[in-house]
Amino acid sequence: MPLYIRFVKTPRCSLSQTARFQSLNVSALITITSDLGESFYPNKATLRSELLVDPDPNSIYQDETHVLNSTRVKWIGGYRNVRVEMNVPIPSRKFPWKRDCKLVLKVISEEPRIADKLLEHGQGHELGIVSAWSAPFAFPQAGENTVAEHFVERRLQLSQSRCLRIWEETGDSIARHIWDGGFALSAYLAQYYELRTGSLTILHQKLQQTNNLKIVELGSGSGIVGLTLTALKSNCRVLLTDLESAEEVVQRNLECSQTQWQGVAAFQVFDWNDSLPPSQPPDIILVADCTYNPDSAALLVQAMRRCVSGSRDTIVVLAHKKRHESETLFFDLICKSFEIVQQSRTEMGATLESDVYPGMGTEVVDIYIFRLLAE
């Protein structure tokens, strides 16, 4: 599975003044970690950080003429984080955007490889690192500091022409991060649509329906899986559901990704304790990275049953990366109500031992297709 660049401390920016120049002083603290942050990359890596300016809020900060500064950052094996620092002299008369522009700090890997292209995921490639874009922060006035919000943006290539922008929270919280199961399922969907690969033929048959396909994602987190499908599948209606605490990051993703949609997506708060399902029985229920907590296993199965509402036409697509033995409880419970009709496995190798560096060895994500048992 990939590793992720995250901001331990988001970018902070100040402005200093000399007789001839103004200088931007930008600093941030970053890390390279597994999806849950249980391990830090133990080998050397070469990163590149770029300070970008964007006068147009609708731009995606990719115009090279807007790069203010670029510098290499060395990651040393055994570190838990590394500081990014920039001091950027700006000739005052040649910088017209300073009053109202936004700045962004981008950090990508030069070695190991970048892992932003979902079409390459699990295709025999070794470990890669997912790039990071900070939230935009204001150009500071003299004597003040501006600080980026505690979010990090991912720009995942679904095809040669389609890029999905996904925000997640940064820092210590993992509840609204991208996890490996969601990453792997999103990659599977991208590869099916672009390369026509994959063995989950029951899922493929559902996706080939030309009518308005109805999809519900349970425990959507940032919404990466449902929004990937919204970008790839025309004539679909995707409902992302999670607890109220996920609403801010999901709404942010709904707003920034909709230019890439072929379908329609929305968010609804849904607690697995709720007695009513979030919609009428959908065609597909998506579940990724929701089986790790044995205390909620029964509630998850209950929510799935309520959403299916007795329909054997509905399929459940579940992405599962095994974290610990107690997760078998979920499978014991779900197999009392549902049957596994298909299964696919994604592996991504690494030169690291997973028992020494959890989340960084040869990692496996299983994708299951469930259907309600016949009565």
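The structure this text deals with has already been given above.
Residues numbered from 1 in each chain as written. Predicted model: local features only at pLDDT ≥ 70, side-chain atom pairs only at ≥ 80, totals over all residues. Heavy atoms only, no water.

1. Some words on helix α5 (residues 297-308)
Phase 1: End to end, α5 covers 17 Å across 12 residues, agreeing with the expected 16 Å (1.5 Å per residue, within 8%).
Phase 2: All of the buried residues along α5 are Ala-297, Leu-300, Val-301, Ala-303, Met-304, Cys-307 and Val-308. Across the axial projection of α5, the buried residues extend over an arc of 160 degrees, all falling on one side.
Phase 3: Positive backbone phi, approximately 55 degrees, marks Ser-309, located one or two places after α5. (Helix = DSSP H or I, 4+ residues; strand = E, 2+ residues; numbered from the N terminus. Expected span 1.5 Å × (residues − 1). Buried < 20%, exposed > 50% of the residue type's maximum accessible area, 1.4 Å probe, protein only. Arc of directions from axis to C-beta.)

2. Things to note about the pattern of salt bridges
Phase 1: Scanning the model with the defined rule gives 18 salt bridges in all.
Phase 2: Among the salt bridges present, the one from Arg-48 reaches Glu-110, with a minimum N-O distance of 3.1 Å. Of this pair, Arg-48 sits in strand β3 (residues 45-54) while Glu-110 sits in strand β6 (residues 102-111), placing them 62 residues apart in sequence.
Phase 3: As a salt-bridge pair, Glu-50 and Lys-106 come within 3.7 Å of each other at their nearest N and O atoms. In this pair, Glu-50 is assigned in strand β3 and Lys-106 in strand β6, connecting sequence segments 56 residues apart.
Phase 4: Of the residues examined, Glu-50 reaches a relative accessible area of 11% and is grouped as buried.
Phase 5: The class for Lys-106 is buried, based on a relative accessible area of 17%.
Phase 6: Salt bridges linked by common partners bring Asp-35, Asp-180, Asp-289, Lys-321 and Arg-323 together as one network. (Salt bridge = Lys/Arg side-chain N within 4 Å of Asp/Glu carboxyl O.)

3. Considerations on the packing of aromatic side chains
Phase 1: Evaluation of the coordinates by the stated rule reveals six aromatic pairs.
Phase 2: Here Phe-330 and Phe-331 contribute two aromatic rings whose centre-to-centre distance is 5.2 Å and whose plane-to-plane angle is 85 degrees, an arrangement assigned as edge-to-face.
Phase 3: A relative accessible area of 1% means that Phe-330 is categorised as buried.
Phase 4: For Phe-331, a relative accessible area of 15% corresponds to the buried category. (Phe/Tyr/Trp six-rings, centres within 6.5 Å; stacked < 30°, edge-to-face > 60°.)

4. Let's talk about the state of the cysteines
Any covalent bond linking the sulfur atoms of two cysteines counts as a disulfide.
Phase 1: Per the stated rule, a full pass over the model turns up zero disulfides.
Phase 2: Here Cys-256 stays unpaired: no disulfide links it, and the sulfur of Cys-163, its closest cysteine neighbor, is 9.7 Å away.
Phase 3: Judged by its relative accessible area of 18%, Cys-256 is buried. (Disulfide = S-S within 2.5 Å.)

That's the geometry; what it means functionally is another story.
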